[in-house]
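What follows is each chain in one-letter form.
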Amino acid sequence: MNELTKRERLKQKIESHLRDLARQLVKFDTLEETLHYLMDSFWMDFTSDFVAILLKEGDQLIPKVWRGETLQVKHTLHLTVDPDSRLLQDALWWPNESGMSDSDFRKALENEKLSTWFTVPLKEREKTFGICIIGFRNFVPLIVEAENYFVEFGRDVAVAMELARDKERQKRKIKGMEWLREKIFPGTSIEHMVEKMVDRAGKGTMAAAASIFLYDEKNNCLIYQPPSYGTFVSPDNMVIDNESNLSRLFPYFGKAGGEQLTVPLVVNLKTIGILHVSGKQDGVFTEDDLELLEFLSTHVSMQIENARLVQNEQERRLRLQNIMIHQQELVKKTIEEESLYEITRTVSSIFGYSVFLFDRLLRLLSHHAMKEEQLSLPNLLHLVKEHEQQIRQIKSDELWLQLDEGPCYVSIWPIIGGGRQLGYLAVFSDRKYWDDVLRLTVNNALNVYAIEFIKQKLVMDTREQVKESFMNQLFSEKIEDPEKVVQYTTFINWNVYDSHRVAYLSVKLDMEVERESDLIGVEEKKSRLWDIMKMALSNQDQGVILTRKGDEFILISRVTNEQTNAKAYWQSMYQQVQKIAKAEMPSCHVYLGVGGRTERMEDYYFAYKQAVQTANLIRLRYPEAGFAIFEEFESYSLLHQLTDHKISTIFVQKKLAPLLRYTEGSGADLFQTLRIYLSNNGSMRETSEALYIHRSTLQYRLDKIREILQIDIEQAEQRFSLLMAYKLYDLLDLSPPQIC
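Thresholds applied
- Counting starts from 1 at the beginning of each chain's written sequence and moves along it residue by residue.
- Per-residue local features are limited, in this predicted model, to residues with pLDDT of at least 70; the limit for side-chain atom pairs, both in listing and counting, is 80 or more; totals at the level of whole chains, interfaces and linings are taken over all residues.
- Hydrogens and water are ignored here; the side-chain numbers use all heavy atoms of the structure.
- Take a side-chain nitrogen of Lys or Arg and a carboxyl oxygen of Asp or Glu: if they are within 4 Å of each other, that pair is a salt bridge.
- A helix here means a DSSP run of H or I that spans at least four residues, while a strand means a run of E at least two residues long, and both kinds are numbered starting from the N terminus.
- Summary of the burial criterion: residues with accessible area below 20% of their type's maximum are buried, those above 50% are exposed, and those between are partly exposed, where the area comes from a 1.4 Å probe applied to protein chains only.
- Any two strands between which DSSP finds at least two bridges are classified as paired.
- For helices, the fitted line uses only the C-alpha atoms of the stretch in contact; every axis is such a line through C-alpha atoms, and the angle between N-to-C directions lies from 0 to 180 degrees.
- A helix is expected to reach a length of 1.5 Å times the quantity of its residues less one.
- This arc is taken over the directions from the axis of the helix to the C-beta atoms.
- For this analysis, residues touch if any pair of their heavy atoms sits within 4.5 Å.
- Within 3.5 Å is the distance limit for a polar contact, defined as a pair of N or O atoms, with the added protein rule that one can donate a hydrogen and the other accept it, and that residues adjacent in sequence qualify only through two side-chain atoms.
- Remark: nonpolar core denotes a set of buried residues (Ala, Val, Leu, Ile, Met, Phe, Trp, Tyr, Cys) joined through side-chain atoms within 4.5 Å.
- For Phe, Tyr and Trp, where Trp contributes only its six-membered ring, two rings pair if their centres lie within 6.5 Å, and the inter-plane angle classes them as stacked under 30 degrees, edge-to-face over 60, or tilted in between.
- Note on criteria: charge over ring means Lys NZ or Arg CZ within 6 Å of the ring centre, with the direction from the centre no more than 35 degrees off the ring normal.
- Should an angle fall under 35 degrees it is called roughly parallel, over 145 degrees roughly antiparallel, and 65 to 115 degrees roughly perpendicular, with every other angle called oblique.
- Each crossing gets its handedness from the near helix: less than a right angle anticlockwise from the far helix is left-handed, clockwise is right-handed.
- All residues other than Ala, Val, Leu, Ile, Met, Phe, Trp, Tyr, Cys, Pro, Asp, Glu, Lys and Arg, Gly among them, are scored as polar; the first ten of these are nonpolar and the last four charged.

A. Representation of the pattern of salt bridges. Taken as a whole and assessed by the stated rule, the structure comprises 14 salt bridges. R86 is paired through a salt bridge with D90; the nearest N and O atoms lie 3.7 Å apart. A salt bridge links R706 to D703, with the shortest nitrogen-to-oxygen separation between them at 2.8 Å. With R706 and D703 both in helix 23 (residues 695-709) and 3 residues apart, the pair spans about one turn of that helix. What makes D703 partly exposed here is its relative accessible area of 38%. One network of salt bridges, with partners in common, ties together R685, E686 and E689.

Structural data, given as structure tokens:
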């Protein structure tokens with residue numbers, strides 16, 4: 001009975017002691033003070049040989065404070081523990097707990113030469129803080145009935161620890177806010193902010209290294225932002241894609257318990273980067289370390305983002321200033337009459353990319369390639385040729401073409417001046433780096449190129465006008481100053497006394513298109529077409545002179561260019577001209593008349609007249625042929641030599657005017673009927689078939705023609721006169737109003 005009373009008194013004493021101890025624990029402001037007071041109390045009141053408090057950090061039990069003769073606790077009791085282990089849930093008593101499953105823990109205490117020990121779980125509801133161990137080297141009988149007291153006491157200790165931690169958090173926040181006011185303030189550079197932040201993170205968590213990565217949205221990667229704290233070894237940037245997200249790159253992203261720790265930098269629910277620490281000097285990173293990093297992230301992320309925005313704006317402003325400087329430099333080069341290559345080289349250095357300049361026919365005029373891109377030119381030219389039609393269709397926006405496989409693109413921009421397409425600018429670059437500032441730089445370069453093209457065109461037009469004024473004297477019936485003509489032709493390296501042919505180029509639009517278009521618009525289209533033809537033909541054959549006489553287009557070529565086949569040479573020339581014309585003006589028709597050979601300066605006038613008449617004859621009589629040489633029409637050639645324009649017009653008027661007047665009034669095409677009848681040598685069958693009319697209708701028309709002309713069209717002399725009248729009508733390009 002006395003023994004029972006003694007145990008009861010001991011139990012009451014233990015319970016009373018634990019309650020007093022629990023009340024004392026809530027008075028401390030720090031976790032360290034709380035743990036030391038708890039340890040000292042157990043050591044003194046239970047006369048134990050060993051007391052240790054182990055706190056749970058992640059899946060590890062870490063010795064925080066201990067007392068006893070052992071020197072190996074830091075290593076022997078640093079254990080990995082299962083969250084559901086009884087060690088963290090219940091009080092364990094040894095040797096009473098013979099079936100204990102935590103054998104690693106038991107072996108660790110046996111290594112400390114403890115024969116009797118018990119544990120107190122520090123747990124409050126679902127949150128486990130760790131355990132407290134009290135041990136004895138000699139056997140001490142334990143009062144098992146006091147287990148519940150210790151379990152309840154463990155809850156009180158957990159509450160006291162949480163309270164102490166809250167107090168520490170508040171103190172840290174206050175110190176943190178003071179630190180922020182001292183170290184971080186508006187206007188601080190991003191480098192200064194990062195330096196202070198990583199220094200605070202590294203020292204506060206006792207990490208070996210701390211660094212910050214900022215998110216680059218355009219390139220979808222994390223970019224290292226210097227400076228760093230401690231020894232930092234990591235790539236400058238890390239790509240974020242579907243397969244490697246932040247959790248895979250940083251295993252301890254937002255959670256403690258590892259050898260590294262990472263928290264996001266968030267502004268308005270948007271991640272702008274990460275704060276990363278590694279190499280914990282003592283154990284693993286704890287919840288307190290995580291809390292510190294989250295505090296820094298919460299209060300400094302916005303300042304970093306603002307600093308980054310300010311820095312980007314400053315860089316943008318500087319880039320805009322540089323644009324103005326480069327613009328002045330480019331304009332200066334155009335004023336100083338620098339070559340296109342010099343302008344292109346300057347543009348390439350401004351962009352930092354390879355630049356290629358093409359004319360409106362997509363011929364390369366100049367280029368400047370970066371050293372690492374020298375081999376890209378053949379590929380680019382092939383790519384441009386492959387997408388020629390697509391490039392010609394761009395009017396204002398750029399066209400992006402991918403060069404082979406990879407991130408490299410070619411952006412092609414139209415150069416437009418005075419409402420006309422002057423050429424194209426191609427830039428070899430990576431599309432993702434293009435922004436508004438770079439596009440503005442391109443627009444400035446395009447304007448400079450447009451000015452240069454217009455300036456060169458004005459110079460060329462002036463030269464062309466001078467050339468035309470001299471060349472036109474060759475096509476006058478009487479050359480006023482032959483010596484000046486010879487001097488000018490010598491100046492342009494052209495021998496007027498060589499044997500040449502003069503060709504006349506006639507461009508006609510479809511009747512419907514011409515009626516719908518205004519006169520100025522039609523002439524503008526023809527002039528643009530002529531400019532393109534000049535460039536194409538001049539590059540193909542340096543011996544061809546291209547000039548104008550008023551609204552007429554004239555080509556002069558040495559006879560030696562024809563070699564042994566004049567027909568084949570001019571047919572090739574016509575096909576090229578027709579191809580260019582159809583590409584630029586699908587609704588137009590081109591006719592090329594080639595005059596006879598020149599031997600003297602005076603022959604150019606006659607050759608020009610022959611070329612004009614041949615072109616008119618082709619247009620009126622043989623439009624499907626498209627071109628012809630004057631000598632091919634012998635009868636017309638003879639008529640040309642004998643023709644007096646005034647006499648010929650009177651002759652045509654006498655023979656055909658009555659028929660034309662009747663045709664215009666009645667609507668019956670008797671003029672064309674007579675032409676076909678004479679061409680078929682008076683055959684009724686062949687004529688009716690050619691006109692797609694019945695024989696009786698043809699007979700009626702022929703009777704009407706006899707009545708109007710008052711002649712017998714069956715007589716050979718009358719037929720000859722009428723045929724000659726028709727040939728002169730074609731040769732002189734007469735119209736009904738001129739002879740009616």
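There's more to say after this.
B. Spotlight on the sheet that holds strand 14 (residues 399-402). Strand order in this open sheet of 5 strands is 13-12-16-15-14, and the pairing throughout is antiparallel. In this open sheet, the two strands that pair with only one neighbour each are strand 13 (364-368) and strand 14. Averaged over all pairs of adjacent strands, the angle between their axes in this sheet comes to 20°, without regard to strand direction. Both strand 12 (residues 354-359) and strand 16 (residues 420-430) contribute to a ladder of 6 bridges, which runs antiparallel. Residue pairing in the sheet places L357 in a bridge with L425 of strand 16.

C. View of helix 10 (residues 340-351). Between the first and last C-alpha of helix 10 there are 16 Å, a value that for 12 residues agrees with the 16 Å anticipated at 1.5 Å per step. Where helix 10 is concerned, the buried positions are L340, I343, T344, T346, V347, S348 and F351. Directly after helix 10, the chain includes G352, whose backbone phi takes a positive value near 80°.

D. The arrangement of helix 22 (residues 684-691) in detail. Among the residues of helix 22, M684, T687, S688 and L691 are the ones counted as buried. Taken down its axis, helix 22 places every buried residue within 95° of arc, on the same side. Check the buried side of helix 22 and you find it contacts helix 21 (670-679) and helix 23. Regarding helix 22, its N-cap is S683, as a side-chain oxygen of that residue lies 3.3 Å from the backbone nitrogen of E686 further along.

E. Representation of the nonpolar core within the structure. Counting 32 residues, the largest nonpolar core has L38, F42, I53, F118, F150, F153 and M161 as the members making the most contacts within it. At the level of elements, helix 1 (2-25), helix 2 (31-45), strand 1 (50-57), strand 5 (116-124), strand 6 (127-136) and helix 6 (147-183) are the ones that each hand at least two residues to this core. For I53, the residues in contact, after removing those within four places along its chain, are L35, L38, M39, I62, P63, K64, V65, L122, I131 and C132. In terms of nonpolar packing, the next biggest core, distinct from the first, is built from 30 residues, V544, L555, A581 and V590 among them.

F. A look at the side chain of Q610. Among the structural elements, Q610 can be located in helix 18 (residues 603-621). Here G596 takes part through its backbone nitrogen, which lies 2.7 Å from a polar atom of the side chain of Q610.

G. Summary view of the packing of aromatic side chains. All chains considered together, the criterion is met by 5 aromatic pairs. Residues Y574 and F627 carry aromatic rings whose centres are separated by 5.8 Å and whose planes lie at 25° to one another, so their mutual orientation is stacked. Of this pair, Y574 sits in helix 17 (residues 566-584) while F627 sits in strand 21 (residues 627-629), and the two are 53 residues apart along the sequence. Comparing Y574 with F627 shows no difference in burial state: the two are buried. The ring of Y252 carries K255 above its face, with NZ or CZ at 5.7 Å from the centroid.

H. Quick peek at the packing of helix 21 against helix 22. Running from amino to carboxyl end, helix 21 crosses helix 22 at an angle of 135°, the nearest separation of the two axes being 9 Å. The orientation of helix 21 with respect to helix 22, classified from their angle, is oblique. Like other packed secondary-structure pairs, helix 21 and helix 22 cross with a definite hand, here right-handed. For the pair helix 21 and helix 22, contact is made by T673, I676 and Y677 and by M684, T687, A690 and L691, respectively. Residue composition of the contact of helix 21 with helix 22, grouped by class: 5 nonpolar, 2 polar and no charged.

I. Fine view of the sheet that holds strand 1. Across the sheet, 6 strands lie side by side as 3-2-1-6-5-4; this open sheet has antiparallel pairing. Looking at which strands have only one partner, the edges of the open sheet turn out to be strand 3 (79-80) and strand 4 (93-94). With 9 bridges joining them, strand 5 and strand 6 adopt antiparallel strand pairing. The residue of strand 6 that forms the bridge with V120 is C132. Strands strand 1, strand 3, strand 4, strand 5 and strand 6 of the sheet are contacted by helix 5 (residues 103-111), whose axis makes an angle of about 130° with strand 5.

J. Structural detail: the packing of helix 22 against helix 23. The N-to-C vectors of helix 22 and helix 23 enclose an angle of 100°; their axes lie 9 Å apart at closest approach. If you check the angle between helix 22 and helix 23, you find them roughly perpendicular. On the side of helix 22, the interface is formed by M684, R685, T687, S688 and L691, while helix 23 contributes R695, L698, Q699, R701 and L702. Here the residues of the contact of helix 22 with helix 23 sort into 4 nonpolar, 3 polar and 3 charged.

K. Layout of the pairing of strand 15 (residues 408-417). Judged by how many residues are buried, strand 15 sits mostly within the fold: 7 of 10 residues are covered. When strand 14 meets strand 15, the two strands line up antiparallel, connected through 4 bridges. By the bridge assignment for strand 15, L401 is matched with V410. Bridge analysis of strand 15 against strand 16 gives 10 bridges, and the strand direction is antiparallel. Within strand 16, the position partnered with Y409 by the bridge is S429. From the end of strand 15 to the start of strand 16, which pair antiparallel, there are 2 residues, and G418 there has a positive phi angle of about 65°.

All we've got here are geometric facts, nothing functional implied.
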